[in-house]
Amino acid sequence: MPTPRETIKVIAHRGASADAPEHTLAAYRKAIEDGADGLECDVRLTADGHLVCVHDRRVNRTSNGRGAVSALELADLAGLDFGSWKDTTRVGPVGPGAGLDTAVPVPPVSERPQWDAERTSVLTLERLLELVSDAGRRVELAIETKHPTRWAGQVEERLMTLLHRFGLDAPASAAESPVRVMSFSARSLHRVRAASPHLPTVQLMQFVGVRHRDGRLPPGVGISGPSIRILRGHPSYVEQVHRAGNRVHVWTVDEPADVALCADLGVDAVITNRPRAVLEQLGRG
């Protein structure tokens, strides 16, 4: 019989983002190779109606471009480098006697091997769904809709259309669905539930409001998504959620002490930048 630690699902936050640039195909491939139970991504709608995996409202932090995702077309984003910010130096020996902490300049994108495109190109949700479909095993996908945005309900509308294309929009039950939709926006989750009552939804939380301290969630939502900071300060919250018949998916769990806390409290899933390390700590490495 599996132990509580072995039943906790490990979800790769923006892919294996401690090892590869967040939200890139390389990060998600690495997470699948590492054995992650699922992948987490943020989605935003471009000016020409494509859902792309980008966390921030603007592309400034994670690319060599500038501007809001919602004001750019997919072709604009395709011309940007979304990976080199993480690869400004490569650490490792460069010759006889070289130390392990020797920094080696990374060559320009134009001079790198072709496979590096997976580390630098913008990733569409459609391409990520293709990757999951071809994984050869069940890989769950937790999709976070980012709000507020100028496109409002068009985000959920486009998301449901895309999930329908992959046959993922109308599961027979929440338990069978490999996809779930997460958001800090209760309105976003309401739109998803209205379109697909059995598609699991996660209410993300920076803090637990008074109405939800007893473990209850908005109507139709079955999963609470608290930050690890909430659990550090209020560990009894997990028991409250379970007592109310709901599940707990915690973000972002990277530190060994936090992984141990989540395991001791019996959470249902942890979302982490370090899936391989967390799996090893849970005895699944």
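If you check an unreviewed UniProt entry, the protein appears there as Glycerophosphodiester phosphodiesterase from Streptomyces koyangensis.

**Student:** Account for the pattern of salt bridges, naming residues and giving values.
**Tutor:** Using the criterion set out here, one finds 20 salt bridges in the structure. Taking the shortest distance from any N to any O, the salt bridge between Glu22 and Arg61 comes out at 2.9 Å. With a gap of 39 residues between them, Glu22 in the loop between strand 1 (9–13) and helix 2 (25–34) and Arg61 in the loop between strand 3 (51–52) and helix 3 (74–78) connect regions that are remote in the sequence. Given the relative accessible area of 11%, Glu22 is considered buried. Among the ionic contacts, a cluster of salt bridges with common partners joins Arg14, Glu22, Asp42, Asp56, Arg61, Glu144 and Lys146.

**Student:** Provide a residue-level description of the pairing of strand 1, including the pertinent values.
**Tutor:** With four of its five residues buried, strand 1 lies for the most part within the structure. In this structure, strand 1 lies alongside strand 11 (residues 269–272), joined through four bridges in parallel fashion. Bridging from a neighbouring strand, Ala12 pairs with Thr272 of strand 11. Two strands pair when backbone bridges link them, and strand 1 and strand 2 (residues 38–45) are joined in this way by three bridges, in the parallel orientation. Residue pairing for strand 2: His13 is matched across the bridge by Glu40.

**Student:** Just give me the short version of the packing of helix 5 (residues 125–133) against helix 6 (residues 154–165), but keep the residues and values in it.
**Tutor:** If you want to describe how two helices pack, look at the angle between their axes and the distance between the axes. With their axes 11 Å apart at the nearest point, helix 5 and helix 6 run at an angle of 30° to one another. In terms of axis orientation, helix 5 runs roughly parallel to helix 6. Helix 6 is crossed by helix 5, and the crossing has right-handed handedness. Counted together, Leu125, Glu126 and Leu129 of helix 5 and Leu159, Leu162, Leu163 and Arg165 of helix 6 form the full contact between these two elements. The residue makeup of the contact of helix 5 with helix 6, split by class, is five nonpolar, no polar and two charged.

**Student:** Can you lay out the packing of aromatic side chains for me, pointing to particular residues and giving the numbers?
**Tutor:** Applying the stated rule across the entire model yields one aromatic pair. Between Phe184 and Trp251, the aromatic rings sit 5.8 Å apart at their centres with planes inclined by 90°, giving edge-to-face as the arrangement. Here the residue Phe184 occupies a position in the loop between strand 7 (179–183) and helix 7 (186–195), and Trp251 occupies one in the loop between strand 10 (247–250) and helix 10 (256–265), the gap between them amounting to 67 residues. A residue is classified by how much of its surface remains accessible, and Phe184, at 37% relative accessible area, is partly exposed. Residue classification places Trp251 among the buried residues on the basis of a relative accessible area of 19%.

**Student:** Explain unusual backbone geometry residue by residue, including any values.
**Tutor:** With omega at 0°, the peptide bond leading from His147 into Pro148 counts as cis. On the secondary structure map, Pro148 appears in the loop between strand 6 (140–145) and helix 6. Residues Trp251 and Thr252 are joined by a peptide bond in cis, for which omega reads -25°. As for its position among the elements, Thr252 is in the loop between strand 10 and helix 10.

**Student:** Please provide a residue-by-residue account of the side chain of Arg14, values included.
**Tutor:** By the element assignment, Arg14 lies in the loop between strand 1 and helix 2. The class of Arg14 is buried, set by a relative accessible area of 13%. For Arg14, the side chain forms a polar contact with the side chain of His55, separated by 3.2 Å. Look past the residues within four positions of Arg14 in its chain and what remains in contact with it is Glu22, His23, Ala27, Tyr28, Glu40, Asp42, His55 and Arg61.

Procedures and definitions
- Residues numbered from 1 in each chain as written.
- Predicted model: local features only at pLDDT ≥ 70, side-chain atom pairs only at ≥ 80, totals over all residues.
- Heavy atoms only, no water.
- Salt bridge = Lys/Arg side-chain N within 4 Å of Asp/Glu carboxyl O.
- Helix = DSSP H or I, 4+ residues; strand = E, 2+ residues; numbered from the N terminus.
- Buried < 20%, exposed > 50% of the residue type's maximum accessible area, 1.4 Å probe, protein only.
- Pairing = 2+ DSSP bridges.
- Axes fitted to C-alpha atoms, helices over the stretch in contact; angles between N-to-C directions.
- Parallel < 35°, antiparallel > 145°, perpendicular 65-115°, else oblique.
- Left-handed = near helix turned anticlockwise from the far one by under 90°.
- Contact = heavy atoms within 4.5 Å.
- Nonpolar A, V, L, I, M, F, W, Y, C, P; charged D, E, K, R; others polar.
- Phe/Tyr/Trp six-rings, centres within 6.5 Å; stacked < 30°, edge-to-face > 60°.
- Polar contact = N/O pair within 3.5 Å; in protein donor to acceptor, adjacent residues only side chain to side chain.

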